[in-house]
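Now for the letters of each chain:
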Amino acid sequence: MPGTVGHVPEKTADPSPPELFTKEFADDPYPAYAWLREHSPVHRTTLPSGVEAWLVTRYADARQALADGRLSKNPAHHSGSARAKGKTGIPGERGADLMTHLLNIDPPDHTRLRRLVSKAFTPRRVAAFEPRVRELTDRLIDGFAARGEADLIHEFAFPLPIYAICDLLGVPREDQDDFRDWAGMMMRHSGPGGDRAPRGGVGRSVRKMRDYLAELIHRKRAALGPVARPGEDLISGLIRASDHGEHLTEGEAAAMAFILLFAGFETTVNLIGNGMYALLRQPGPRERLQRSLAAGETELLATGVEELLRYDGPVELATWRYASEPAVIGGQRIAAGDPVLVVLAAADRDPARFTDPDTLDLSRTDNPHLGYGHGIHYCLGAPLARLEARTALATLLRRLPDLRLAADPAELRWRGGLIMRGLRTLPVEFAPVPVPDP
Ligand code: HEM
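Residues numbered from 1 in each chain as written. Predicted model: local features only at pLDDT ≥ 70, side-chain atom pairs only at ≥ 80, totals over all residues.

Asks: Describe the sheet that holds strand β13 (residues 427-429), and please don't skip the residues or the numbers.
Replies: In space, the three strands of this open sheet follow the order β5-β13-β12, with antiparallel pairing throughout. At either margin of the open sheet sits one strand with a lone partner, and together these are β5 (149-151) and β12 (404-405). Judged from the two bridges that link them, β12 and β13 form a sheet pairing that is antiparallel. In the sheet register, L405 faces β13, and the bridge partner there is V428. (Pairing = 2+ DSSP bridges. Helix = DSSP H or I, 4+ residues; strand = E, 2+ residues; numbered from the N terminus.)

Right under this line is the structure:
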């Protein structure tokens, strides 16, 4: 007998389901998600790739599905076509032998790897990194502050997380621009139309990143002394991490470094980009946040970043899951092998869980959003993402207090990738600010 996840809703047939995955949908998916939540909360659809999948859109169902052990992360459980197999949302990874990473495996392998990485990637390590994030943020703003205009995606939100994670991992500064280029190629992959990556470019970039990380890990392992040095980088921490005598192999450490880079990069770009965009369009919440920052308070910044994640978060759908056995989700029977996509963006606007879900309320405290996922795959990088987003938004608003949008919102283009939600550009203007000589 299939188990039941969530309640069984009453079906109200509506003859006109919204069209998904169009440009209009990419610009503003929330009306379509409201329709799905109401009329077809567990909805079978054909994705742009041709793969058939279920979309779970209600908060209660989404939360339970994310924690349901029968929904496997292992693509081997997918009953679909060979073309669809191995989909995890990471472009080019199949060709690069990076498949054994946290977002692609189930317990007990997941438990073992997560325990090992958690020994190295600790909240303490992230907290110690704060001065460097502040310095990076200021340096990026210095790059455009005197000009009076900028594209906040390309000049700010995009480079900040890539340099931050490279620094944290221990990628030497002189090599970090290569990562910036490879990551840029991977981001160009997402979304229909416009700024597409050249054919083969994404796979090549992923392979170059993989090869670089494998070589770096090899060199660092050879150079490691018997005792940890204070301030040792995260890659050295990953190599050293041990649990009951077990260590990561070099291959596992390379896949781990890659997933930290990949999972922590475009997500953070989009949190800063979507967050700043929401603040630029809503002067009320933004001025309140500026006043609170000027008074030296940090509470509104902290609740505000969580609210921006809920309101227009960077991860529209959680990464892929596959039913490892028949299941019932929200009253809908799911066959073994079917892909299930949990729509975090829809769940986080569910009026059954959030008061006034379409209102941006930076002081919202009852906010158990699913922006970082839920259950055993809950985001490992949440402390780093919070640190970067809080620093980025607070520093921008403090240093460029009259920041305003320099484009008609209707002309801004969203990437429209399946998993991520983010703007391609975010043009802004402000009174130029002199920048101190370096
Ligand atoms: C997992 C969101 C930043 C590393 C996840 C998941 C979500 C998420 C929704 C769960 C996916 C699923 O269940 O299918 C975000 C958001 C971020 C962010 C919104 C920024 C705003 C980061 C950063 C890092 C990171 C900065 C690391 C440097 C990871 C890893 C996992 C993960 C390793 C997999 C955990 C596991 O499977 O056990 N993230 N993430 N993330 N995230 Fe993040």
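Next, the rest of the story.
Asks: Tell me about helix α8 (residues 159-169), and please be specific about residues and values.
Replies: An α-helix turns once per 3.6 residues; consequently, residues spaced three or four apart project the same way. Counting buried positions over the eleven residues of α8 gives ten, a clear majority of the element. Looking at α8, one finds that the buried residues are P159, L160, P161, I162, Y163, A164, I165, C166, L168 and L169. Two residues or fewer after α8 comes G170, characterised by a positive phi angle close to 100°. (Buried ≥ 20, exposed ≤ 12 C-beta atoms within 10 Å, placed from the backbone.)

Asks: Account for the environment of K220, with residues named and values stated.
Replies: Summarising the element assignment, K220 is placed in helix α10 (residues 201-223). The sequence separation of K220 and L400 amounts to 180 residues, and the corresponding C-alpha distance is 41 Å. Apart from residues lying up to four places away in sequence, K220 is in contact with G170, I235, S236 and I239. (Contact = placed C-beta atoms within 7 Å.)

Asks: Break down the sheet that holds strand β8 (residues 321-323) for me, citing the residues and quoting the values.
Replies: Judged by pairing direction, the sheet is mixed, and its five strands sit side by side in the order β2-β3-β11-β8-β4 without closing on themselves. Both edges of this open sheet fall to β2 (42-46) and β4 (71-72), since each of them pairs with a single strand only. Pairing between β4 and β8: two bridges, direction antiparallel. Each bridged residue has a counterpart across the sheet, and for L71 the counterpart in β8 is A323. The sheet strands contacting helix α3 (residues 59-66) are β2, β3 (52-56), β4 and β11 (339-342), and the helix crosses β11 at an angle near 125°. (Axes fitted to C-alpha atoms, helices over the stretch in contact; angles between N-to-C directions.)

Asks: Hey, could you go over the site of the ligand for me, with residue numbers and the actual values?
Replies: Residues in contact with the ligand amount to 26 residues; listed here are only the nearest, G264, T267, G373, C379 and G381. For the shell around the ligand, the elements supplying multiple residues, two or more each, are α12 (250-281) and α16 (382-399). No other element matches the seven residues that α12 contributes to the shell around the ligand. For the shell around the ligand, the class distribution of residues is 16 nonpolar, nine polar and one charged. (Near = placed C-beta within 6 Å. Nonpolar A, V, L, I, M, F, W, Y, C, P; charged D, E, K, R; others polar.)

Asks: Explain α10 residue by residue, including any values.
Replies: Here α10 spans 33 Å end to end across 23 residues, near enough to the 33 Å set by a 1.5 Å rise per residue. Considered for burial, the residues of α10 that qualify are V202, S205, V206, M209, R210, L213, L216 and I217. (Expected span 1.5 Å × (residues − 1).)

Asks: Residues and numbers for unusual backbone geometry, please.
Replies: The residue after P107, namely P108, is reached through a cis peptide bond having omega 5°. Relative to the helices and strands, P108 resides in the loop between β4 and α4 (109-120). Non-glycine residue F21 carries a positive phi angle of around 65°. Note that F21 resides in the loop between β1 (3-5) and α1 (23-27). Judged by local crowding, F21 falls into the partly exposed class, with 17 C-beta atoms found within 10 Å. Despite not being glycine, D356 has its phi angle at roughly 40°, a positive value. The topology assignment puts D356 in the loop between α15 (344-347) and α16. Judged by local crowding, D356 falls into the exposed class, with 9 C-beta atoms found within 10 Å.

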